[in-house]
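What follows is the residue order along each chain.
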Amino acid sequence: MACLSPSQLQKFREDGFLVLEGFLSVDECVALQQRIGQIVAQMDVPPHCRTEFSTQEEEQLRAQGNSDYFLSSGDKIRFFFEKCVFDEKGKFLVPPEKSVNKIGHALHARDPVFKSVTHSPKVQALARSLGLQMPVVVQSMYIFKVSSPSAPASVYPLYNGHSALPKPSSPQAAGILVKLVGERVRLVSSG
């Protein structure tokens with residue numbers, strides 16, 4: 001099981017994150033990668049729902065802030081795209097499988113492969129070892145970070161936006177970020 005050692009838990013509390021090498025097995029990573037390939041191959045997003053994803057606040061509000069496709073995505077599997085991959089009519093300028101920035105936000109609830117990993121006994125044990133009393137998965141995403149000249153991906157660091165606030169003795173929220181290449185997991189606290 002994935003119980004944290006006292007020194008790992010202390011490091012997590014001090015730093016606000018913890019890297020766990022080998023948390024997911026190679027087989028689990030391959031299964032997730034293959035499944036996302038199938039999901040992308042079956043992607044059918046109408047042109048009026050083709051939202052370019054941005055982590056820049058102004059662009060995000062403009063592109064997604066009033067988009068029902070984005071705002072109602074919490075309990076669905078939805079596709080969000082890189083910049084400059086559509087023409088003015090919403091048609092793809094690059095192969096569709098190369099255009100996706102991320103898929104969210106309910107893979108953990110709607111897809112059986114993602115659900116089995118997200119709700120696995122080792123993830124549950126990890127949540128318990130963090131002191132989470134009744135953990136709930138509120139969203140899941142698969143983020144693509146492959147750059148090409150026609151669709152450059154911008155990667156911005158994730159950070160604990162509440163780091164200036166006093167930290168509770170146990171986290172109230174935690175994100176589990178999984179890097180599928182290398183089977184690396186990074187836990188991030190949001191205090």
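Above this text you will find the structure in question.
Let me begin by describing the structure that accompanies this report.

The rules behind each value
- Residues numbered from 1 in each chain as written.
- Predicted model: local features only at pLDDT ≥ 70, side-chain atom pairs only at ≥ 80, totals over all residues.
- Heavy atoms only, no water.
- Pairing = 2+ DSSP bridges.
- Helix = DSSP H or I, 4+ residues; strand = E, 2+ residues; numbered from the N terminus.
- Axes fitted to C-alpha atoms, helices over the stretch in contact; angles between N-to-C directions.
- Phe/Tyr/Trp six-rings, centres within 6.5 Å; stacked < 30°, edge-to-face > 60°.
- Buried < 20%, exposed > 50% of the residue type's maximum accessible area, 1.4 Å probe, protein only.
- Lys NZ or Arg CZ within 6 Å of the ring centre and 35° of its normal.

**With respect to the sheet that holds strand β3 (residues 100-105)**
The three strands lie next to each other as β2-β3-β4, forming an open sheet whose pairing is antiparallel. Because the sheet does not close on itself, it has two edges, and the strands there are β2 (77-81) and β4 (140-143). Strand-to-strand twist across the sheet, computed as the mean angle between neighbouring axes with direction ignored, equals 20°. The pairing of β2 with β3 spans five bridges and is classified as antiparallel. The partner of F80 across the bridge, within β3, is K102.

**Description of the packing of aromatic side chains**
For the structure on display, the rule yields seven aromatic pairs. Ring geometry for F81 versus F92: centroids 5.8 Å apart, planes at 70°, classification edge-to-face. A residue pair is termed long-range when its members are at least 10 positions apart, and F81 in strand β2 and F92 in the loop between β2 and β3 qualify at 11 residues. What makes F92 partly exposed here is its relative accessible area of 26%. Grouping aromatic residues by their ring pairs yields a cluster made of Y69, F70 and F80. The residue whose ring lies beneath K102 is F80, and the NZ or CZ to ring-centre distance is 5.4 Å. A cation over an aromatic ring shows up here: K122 above the ring of F23, its NZ or CZ 5.5 Å from the ring centre.

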